[in-house]
Amino acid sequence: MLEIRNVRKAFGSLEVLKGVDLRVEQGDVAAILGPSGSGKTTLLRCINFLETAGGGTMTFDGEDFRLDRTPKKDIARLRKKTAFVFQDYNLFRNKTALQNVAEGLITARGMPKDQALEISRRALEKVGMAGREDHYPHQLSGGQQQRAAIARAIAANPKIIFFDEPTSALDPELTGEVLSVMRQLAEEGMTMLVVTHEMGFARTVSNKVIFMEDGAVVEEAPSGEFFRNPREERTRAFLRTIRAAELAE
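Residues numbered from 1 in each chain as written. Predicted model: local features only at pLDDT ≥ 70, side-chain atom pairs only at ≥ 80, totals over all residues. Heavy atoms only, no water.

### Some words on the layout of surface pockets
Alright, step 1. Approximately 630 Å³ is the volume attributed to the largest pocket.
Alright, step 2. Along the walls of the largest pocket sit 22 residues, with R79, T82, F84, G104 and R152 positioned nearest its centre.
Alright, step 3. Of all the elements in the fold, those that place two or more residues in the lining of the largest pocket are helix 2 (72-79), strand 6 (82-85), helix 3 (97-107) and helix 5 (142-155).
Alright, step 4. The greatest single-element share of the lining of the largest pocket, amounting to six residues, is contributed by helix 3. (1 Å grid on protein atoms, 1.4 Å probe; cavity = no way out; pocket = protein on both sides within 12 Å on 5 of 7 lines; lining within 4 Å. Points joined across faces, edges and corners; volume = space filled by probe spheres on them. Helix = DSSP H or I, 4+ residues; strand = E, 2+ residues; numbered from the N terminus.)

### Regarding the environment of D114
Alright, step 1. Residue position: D114 is located in helix 4 (residues 113-126).
Alright, step 2. Expressed as a C-alpha distance, the spacing of D114 and S223, which sit 109 residues apart in the sequence, is 42 Å.

### Thoughts on the environment of R79
Alright, step 1. Along the chain, R79 turns up in helix 2.
Alright, step 2. Residues R79 and F92 lie 13 residues apart in sequence; the distance between their C-alpha atoms is 19 Å.
Alright, step 3. Leaving out residues up to four positions away in the same chain, R79 has contacts with N48, F49, L50 and R109. (Contact = heavy atoms within 4.5 Å.)

### Brief notes about helix 4
Alright, step 1. Between its first and last C-alpha atoms helix 4 spans 20 Å; for 14 residues at 1.5 Å apiece the expected length is 20 Å, and the two agree.
Alright, step 2. For helix 4, the complete set of buried residues consists of A116, L117, I119, S120, A123 and L124. Along the axis of helix 4, the buried residues cluster in a sector spanning 165 degrees; they form a single face. Within helix 4, the exposed residues directed more than 90 degrees away from the buried face are D114 and E125.
Alright, step 3. Within two residues after helix 4, G128 carries a phi angle of roughly 80 degrees, on the positive side. (Expected span 1.5 Å × (residues − 1). Buried < 20%, exposed > 50% of the residue type's maximum accessible area, 1.4 Å probe, protein only. Arc of directions from axis to C-beta.)

### Overview of the environment of L91
Alright, step 1. Of note, L91 is situated in the loop between strand 6 and helix 3.
Alright, step 2. On the accessibility criterion, L91 (10% relative accessible area) is buried.
Alright, step 3. Here L91 is in contact with N100, P137, Q145, A148, A149 and R152, once residues within four sequence places are set aside.

### Overview of the sheet that holds strand 7 (residues 160-164)
Alright, step 1. What the six strands build is an open sheet, ordered 6-7-8-3-9-10; its pairing is mixed. Two strands lie at the open edges of the sheet, namely strand 6 and strand 10 (216-222), each paired on one side alone. Across the sheet, the mean angle separating the axes of adjacent strands is 15 degrees when strand polarity is ignored.
Alright, step 2. For strand 3 (residues 29-33) and strand 8 (residues 192-195), the ladder comprises four bridges, and the chain directions are parallel. What sits directly across from I32, in strand 8, is V195.
Alright, step 3. The strands touched by helix 9 (residues 233-248) are strand 3, strand 9 (208-213) and strand 10; relative to strand 9, the strand with the most contacts, the crossing angle is about 100 degrees. (Pairing = 2+ DSSP bridges. Axes fitted to C-alpha atoms, helices over the stretch in contact; angles between N-to-C directions.)

Here is the structure:
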């Protein structure tokens, strides 16, 4: 479904992505792990053209794209097949949960308002937000805001959802709410590419793990194999650090 090749990105003299290759099949839940500053979020943003890459190509849903120069009309067409969930929710503060979910369907896709609102209500119900459709973001907990953001993503009926650290701003209880929704989506076969620091999610929900460091993919493997028998010493060191932190909690 999605394949990227030789993706590069620099901010001035700082080389953030150094020729990244990645492949995601339909139905995959792929977790991207790695220390802070390894280029995980930048990679995700380049794939969805929120950042312009310095080079590289992408094949998505049978179409080829140049990540460093793709016409706006092609980007708009691609985005209608994808959805992006941000770590800071990215909701409109002056719109209700229902309006936030429906906005993209109405303005970007030209869907009739009544149809968009009905789809949006079903999406909110799916993520456990029934009864909060008329709440504004400031009336919702962080976990509820993120679930509204996920409802906005699934309302668009995308072929893939990109998640950028979707629980990084949440405390443990609210993190559990969001991960439960993501687990449900995985069980239903939704294709997801997830930048995350949640090792439990990577172990038990994802079927593939990509470990990045210093702008490059160090190791890629099925999740069980990645955690049981990592091939690279840098991966083993990363996992030892994670396990030590978990034991200290």
